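# Coordinate inspection notes
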Amino acid sequence: DVKVTQSSRYLVKRTGEKVFLECVQDMDHENMFWYRQDPGLGLRLIYFSYDVKMKEKGDIPEGYSVSREKKERFSLILESASTNQTSMYLCASSEYNEQFFGPGTRLTVL
Amino acid sequence: GESVGLHLPTLSVQEGDNSIINCAYSNSASDYFIWYKQESGKGPQFIIDIRSNMDKRQGQRVTVLLNKTVKHLSLQIAATQPGDSAVYFCAEENNQGGKLIFGQGTELSVKP
């Protein structure tokens, strides 16, 4: 079975802090994705990556950056966290169409 | 703009009844559709998918129907059980190399 893990289930940070969210997948998938999930807005794509060191902006990249130094790991970075970035963050990986999701990280920015 | 949406945000059914969750999409060029189930506190899990060259696909207790004429997708769950209570998302692939566009989700509640 594909396993996608995220470094934290819950995270509380202060405004202005730099935040790292880590995602690791164990199925050698080429594609990895970061979403945020908010009530009434569904899943919105922040960034995605098709290969190591490659990244593409999704629908809402502002305030975020990503890093993919190894195929299995995709990191989401909040350079200076703000309260409007309080959300559930979901990582996913895929080889073709179906995306496999991690359990999510619920981030609260105070 | 192109979007995927759901007709109802919540659905409540009696245990044992069949459930139907609907989804509308606007991109007629989309050729792949997928349903996910998300239980509380967990990430979305794959349920079933369908390609645009098919009208119907069946899984275990679930059926997905695709009507390309009216750009409508539905998920049918037979003999709904309490464990089916979750939020269900439809998604379409927008021909951009694996990117999915998600609907807002329907919350299914199963009454015992």
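That block above? That's the structure.
Residues numbered from 1 in each chain as written. Chains lettered and ligands numbered in written order. Predicted model: local features only at pLDDT ≥ 70, side-chain atom pairs only at ≥ 80, totals over all residues. Heavy atoms only, no water.

The helix and strand inventory of chain B stands at zero helices and eleven strands. If you list the helices and strands of chain B from N to C, you get β-β-β-β-β-β-β-β-β-β-β. In terms of overall size, chain B behaves like a compact globule, its C-alpha atoms giving a radius of gyration of 13 Å where 112 residues would be expected to give roughly 13 Å. Considering chain B as a whole, with its 112 residues, one finds that 44% of them fall into the buried category. Taking the intrachain contacts of chain B between residues at least 6 apart in sequence as the baseline, contacts between residues at least 24 apart amount to 52%. (Helix = DSSP H or I, 4+ residues; strand = E, 2+ residues; numbered from the N terminus. Rg over C-alpha atoms; globule rule 2.2 N^0.38 Å. Buried < 20%, exposed > 50% of the residue type's maximum accessible area, 1.4 Å probe, protein only. Contact = heavy atoms within 4.5 Å.)

A few words on the pairing of strand S11 (residues 106-111) of chain B. Across a regular strand the side chains alternate sides, sitting on one face of the sheet and then on the other. Residue and element names in this part refer to chain B. Burial of S11 is one-sided: the residues Thr106, Leu108 and Val110 facing one way are buried, the residues Glu107, Ser109 and Lys111 facing the other way are not. Where strand S2 (residues 10-14) lies against S11, five bridges are found, and the strand directions are parallel. Bridge assignment links threonine 10 to a residue of S11, and that residue is glutamate 107. (Pairing = 2+ DSSP bridges.)

A few words on the side chain of B:Thr63. One can find B:Thr63 in strand S7 (residues 62-67). Setting aside residues no more than four positions away along its own chain, B:Thr63 makes contact with B:Lys56, B:Arg57, B:Gln58, B:Ser74, B:Leu75 and B:Gln76.

In this section: the environment of A:Gly102. Relative to the helices and strands, A:Gly102 resides in the loop between strand S10 (100-101) and strand S11 (105-109). Here A:Gly102 falls in the buried class, since its relative accessible area comes to 2%. The spacing of A:Gly102 and A:Gln25 is 77 residues in sequence and 8.6 Å in space, taken between C-alpha atoms. When sequence neighbours within four positions are dropped, the list of residues in contact with A:Gly102 reads A:Val4, A:Gln6, A:Leu90, A:Cys91 and B:Gly43.

A few words now on the environment of A:Arg36. All names here are of chain A. Note on placement: arginine 36 falls in strand S4 (residues 31-38). Residues arginine 36 and glutamine 85, 49 residues apart in the sequence, show an inter-C-alpha distance of 8.9 Å. Residues contacting arginine 36, with those up to four places away along its chain left out, are Gly42, Leu43, Arg44, Ile46, Ile60, Tyr64, Asn84, Gln85, Thr86, Ser87, Met88 and Tyr89. Here the side chain of arginine 36 touches aspartate 38 through a polar contact of 2.8 Å, side chain to side chain. Among the polar contacts made by the side chain of arginine 36, one reaches the main-chain carbonyl oxygen of asparagine 84 at a distance of 3.1 Å. (Polar contact = N/O pair within 3.5 Å; in protein donor to acceptor, adjacent residues only side chain to side chain.)

Another point: the interface of chain A and chain B. Taken together, the contacts link 19 residues of chain A with 20 residues of chain B. For the chain A and chain B pair, buried surface summed over both sides reaches about 1,500 Å², with 50% attributable to carbon and sulfur atoms. Across the chain A-chain B interface, the total number found is zero salt bridges. Applying the counting rule to chain A against chain B returns five residue pairs in polar contact (both at pLDDT 80 or more). Of all the secondary-structure elements, those providing two or more residues to the side of chain A that touches chain B are S4 and strand S5 (42-49) of chain A. At four residues, the largest contribution of residues to the side of chain A that touches chain B is made by S5(A). For the side of chain A that touches chain B, the per-class residue count stands at eleven nonpolar, six polar and two charged. (Buried area = accessible area lost by both parts, 1.4 Å probe. Salt bridge = Lys/Arg side-chain N within 4 Å of Asp/Glu carboxyl O. Nonpolar A, V, L, I, M, F, W, Y, C, P; charged D, E, K, R; others polar.)

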